[in-house]
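Architecture and fold: a report
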Amino acid sequence: MRKICVVTGSRAEYGILRTLMQAIKEDPQLQLQIIATNQHLSKFQGETYMEIERDGFSIDYKVPMADDEAPDCANATARSIGRGVMGFADAFEVLKPDLVLILGDRYEMLAVASTALIYKIPIAHLHGGEITEGAFDDSIRHAITKMSHLHFTSTEAYRKRVIQLGEQPDTVFNVGALGVENILKTPVIGKEELEESLHFKISDRTLLVTYHPETLSQMSSEEQILNILAALDNFREYNVIFTYSNSDTDSRIIVRRIQEYVDKNKHRCMFVSSLGQKRYFSVLRYVKAVVGNSSSGIIEVPGFGLPTLDIGDRQKGRIAATSVFHCDCSVKGIIDGLEKVIAYVPDNIDNPYYKADTCHAIVDVLKRYPLQGIVMKHFYDL
């Protein structure tokens with residue numbers, strides 16, 4: 001029985017991985033191990049590891065990384081990576097997994113991959129080959145690709161890019177995006193129950209806003225979020241649901257400015273640390289548009305027939321459906337973008353990230369691909 005160790009560090013990432021984790025748990029040929037880290041263990045971020053436990057999973061190991069008392073700066077982020085490496089070393093000593101499975105491009109996954117590499121534990125990586133030019137996540141994603149051994153990409157173009165990075169073609173699988181498939185599998189909450197749980201009215205005059213730091217931008221995160229809030233002031237007939245920024249450098253100033261804005265606009269705005277996947281997908285069935293720079297706006301939201309306003313460069317370079325509109329971080333650019341998504345008329349959207357049976361395809365590879373000798377890789381030249 002193969003021990004598959006899934007590492008999750010944030011609410012958004014867990015929402016994507018949950019159905020895959022359940023499938024691994026239920027497969028008689030696989031044993032699921034779970035490591036929770038970083039944002040999941042942060043009080044500031046809502047201690048979302050409890051959401052994992054409420055879903056019926058057992059967390060095998062917790063690796064603290066975030067320091068809620070530390071200043072919000074590059075030094076704190078870099079030190080978090082160091083704490084992660086030490087914690088994952090201890091976790092792997094205890095769990096001894098046959099394969100580590102990680103998703104994406106965040107710095108906590110860099111710590112996971114670096115530690116697994118030293119321990120000679122094979123890595124399965126989801127969402128490699130993608131481009132997000134506005135954040136250091138872009139470099140982290142490609143670095144993780146080079147440390148990984150099995151690759152599950154979300155489009156064929158991304159599969160080709162992973163091969164271009166020197167990975168053997170027979171180790172790279174275009175399976176589509178788990179998050180898109182999750183839309184079809186996740187039961188939704190009725191509007192009345194949803195509004196009651198949020199204590200907030202939702203209609204087609206509601207916007208859902210999530211904004212993360214652009215870690216490579218010359219414009220400060222504070223200026224960016226203030227521009228967004230100033231632009232939203234021009235659409236006061238719309239209610240706004242804000243969700244928390246992730247734990248990247250400068251995230252706290254974004255959270256602080258949003259909270260100040262919500263406090264002044266309680267009649268039309270709310271701020272929630274985590275909706276959870278079920279409530280998040282349910283909200284998407286009733287709002288007018290998604291605004292910000294979350295990857296979900298690019299990958300999952302088109303599956304709801306909703307428009308997305310993608311602000312700035314954080315997601316620059318990602319393949320996107322025709323329902324995704326892009327703008328810069330200026331107040332005028334954001335106002336112009338908001339006008340476009342508000343005027344958008346739903347049409348048949350071809351989501352480039354959808355592919356049938358994504359979860360099944362991944363589990364099949366996890367079960368059947370031979371792991372003997374896989375750690376020693378050979379560079380594939382085009």
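Higher on the page you've got the structure.
From a predicted model like this one, the values you see are computed outputs, not experimental measurements. (Residues numbered from 1 in each chain as written. Predicted model: local features only at pLDDT ≥ 70, side-chain atom pairs only at ≥ 80, totals over all residues. Heavy atoms only, no water.)

**Structural notes on the environment of Arg11**
By secondary structure assignment, the location of Arg11 is in helix H1 (residues 11–26). Along the sequence, Arg11 and Ser221 sit 210 residues apart, while their C-alpha atoms lie 21 Å from each other. Setting aside anything within four residues of it in sequence, one finds Arg11 in contact with Gln39, His40, Gln45, Thr48, Thr243, Tyr244, Ser245, Ser273 and Ser274. Among the polar contacts made by the side chain of Arg11, one reaches the main-chain carbonyl oxygen of Ser273 at a distance of 3.2 Å. (Helix = DSSP H or I, 4+ residues; strand = E, 2+ residues; numbered from the N terminus. Contact = heavy atoms within 4.5 Å. Polar contact = N/O pair within 3.5 Å; in protein donor to acceptor, adjacent residues only side chain to side chain.)

**Things to note about the pattern of salt bridges**
Considering all chains together, one arrives at 20 salt bridges under this definition. The residue Asp138 makes a salt bridge to Arg141 at a minimum N-O spacing of 3.2 Å. Of this pair, Asp138 and Arg141 both sit in helix H5 (residues 137–147), three residues apart, which is roughly one turn of that helix. Residue Asp138 is classed as buried on the basis of its relative accessible area, which comes to 15%. Assessed through its relative accessible area of 0%, Arg141 is described here as buried. (Salt bridge = Lys/Arg side-chain N within 4 Å of Asp/Glu carboxyl O. Buried < 20%, exposed > 50% of the residue type's maximum accessible area, 1.4 Å probe, protein only.)

**Focus on helix H7 (residues 178–185)**
Of all eight residues making up H7, six are buried, and the element is well covered by its neighbours. For H7, every residue scored as buried is listed here: Leu178, Gly179, Val180, Glu181, Asn182 and Ile183. On the buried face of H7, the contacting elements are H1, strand S5 (123–126), helix H11 (276–284), helix H12 (295–299) and helix H14 (358–368).

**Quick word on the pairing of strand S12 (residues 308–311)**
In S12, alternate side chains face the same way, and those of Thr308 and Asp310 on one face and Leu309 and Ile311 on the other are all buried. Where strand S11 (residues 289–292) and S12 come together, three bridges link them in parallel fashion. Of the residues in S12, the one forming a bridge with Gly292 is Asp310. Bridge analysis of S12 against strand S13 (residues 324–327) gives four bridges, and the strand direction is parallel. Bridged to Asp310 within S13 is His326. (Pairing = 2+ DSSP bridges.)

**A word on the side chain of Ser245**
The topology assignment puts Ser245 in the loop between strand S9 (239–243) and helix H10 (251–264). Since its relative accessible area comes to 1%, Ser245 is described here as buried. A polar side-chain atom of Ser245 sits 3.4 Å from the main-chain carbonyl oxygen of Tyr211. Sequence-distant contacts of Ser245, defined by excluding residues within four places in its chain, comprise Arg11, Gln45, Tyr211, His212, Pro213, Ser251, Ile254 and Val255.

**A closer look at the side chain of Arg2**
If you trace the backbone, Arg2 turns up in strand S1 (residues 2–8). Within the buried set, Arg2 has no salt-bridge partner at all; the shortest N-O distance to an opposite charge, 6.4 Å, is to Asp98. In this structure the side chain of Arg2 is engaged in a polar contact, spanning 2.6 Å, whose partner is the backbone oxygen of Tyr369. Look past the residues within four positions of Arg2 in its chain and what remains in contact with it is Gln29, Leu30, Gln31, Asp98, Val365, Leu366, Lys367, Arg368, Tyr369, Pro370 and Leu371. (Lys, Arg positive; Asp, Glu negative; His and termini not counted.)

**What to know about the packing of helix H3 (residues 74–95) against helix H4 (residues 107–118)**
The contact between H3 and H4 brings their axes to 8 Å, and the two run at 40°. With respect to each other, H3 and H4 are oriented oblique. Remark: the crossing between H3 and H4 carries right-handed chirality. Every residue of H4 that contacts H3 at Thr77, Ser80, Ile81, Gly84, Val85, Phe88, Ala89 and Phe92 is listed here: Tyr107, Glu108, Ala111, Val112, Thr115 and Ala116. For the contact of H3 with H4, a count of residues per class yields nine nonpolar, four polar and one charged. (Axes fitted to C-alpha atoms, helices over the stretch in contact; angles between N-to-C directions. Parallel < 35°, antiparallel > 145°, perpendicular 65-115°, else oblique. Left-handed = near helix turned anticlockwise from the far one by under 90°. Nonpolar A, V, L, I, M, F, W, Y, C, P; charged D, E, K, R; others polar.)

**A closer look at helix H13 (residues 331–343)**
Between its terminal C-alpha atoms H13 stretches 18 Å, which fits the 18 Å expected from 13 residues at 1.5 Å a residue. The set of residues buried in H13 consists of Gly333, Ile334, Ile335, Gly337, Leu338, Val341 and Ile342. In this structure, the buried residues of H13 make contact with strand S8 (206–210), helix H9 (221–232), S11, S12 and S13. (Expected span 1.5 Å × (residues − 1).)

**Let's talk about the nonpolar core**
In this structure, Leu20, Ile24, Leu101, Leu126, Phe152 and Leu366 are the most contacted members of the largest nonpolar core, which totals 33 residues. Going through the elements one at a time, S1, H1, strand S2 (30–37), helix H2 (49–54), strand S4 (99–103), S5, strand S6 (150–153) and H14 are the ones with two or more residues in this core. For this core, the element with the highest residue contribution is H1, accounting for six residues. Those residues within four positions of Leu126 in sequence are excluded, and the remaining contacts are Leu17, Leu20, Leu101, Ile102, Leu103, Gly104, Phe152, Leu178 and Ile362. By size, the runner-up hydrophobic cluster in this structure holds 32 residues, among which are Leu207, Val209, Ala231 and Leu338. (Core = buried A, V, L, I, M, F, W, Y, C linked by side-chain atoms within 4.5 Å.)

**Overview of the sheet that holds S6**
Spatial strand order, S3-S2-S1-S4-S5-S6-S7: seven strands in an open sheet with parallel pairing. The open sheet has two free edges, formed respectively by strand S3 (61–63) and strand S7 (172–174), since each of these has just one partner strand. Strand-to-strand, the axes of this sheet are offset by a mean angle of 20°, without reference to chain direction. Here seven bridges tie S1 to S2, and the two strands are oriented parallel to one another. Residue Lys3 lies in a different strand from S2, and its bridge partner there is Gln31. Each of S1, S2, S3 and S4 is contacted by H3, which is oriented at about 165° to S3, the strand it contacts most. Sitting on the sheet, helix H6 (residues 156–164) touches S6 and S7, and the angle it makes with S7 is about 170°.

**Brief notes about unusual backbone geometry**
A positive phi angle, close to 50°, is found at Lys96, a residue other than glycine. With respect to the helices, strands and loops of the structure, Lys96 is situated in the loop between H3 and S4. One non-glycine residue, His127, lies in the positive phi region at around 70°. Along the polypeptide, His127 turns up in the loop between S5 and H5. Looking at His127, the relative accessible area reads 8%, which means it is buried.

Worth remembering: the numbers are spatial, not functional.
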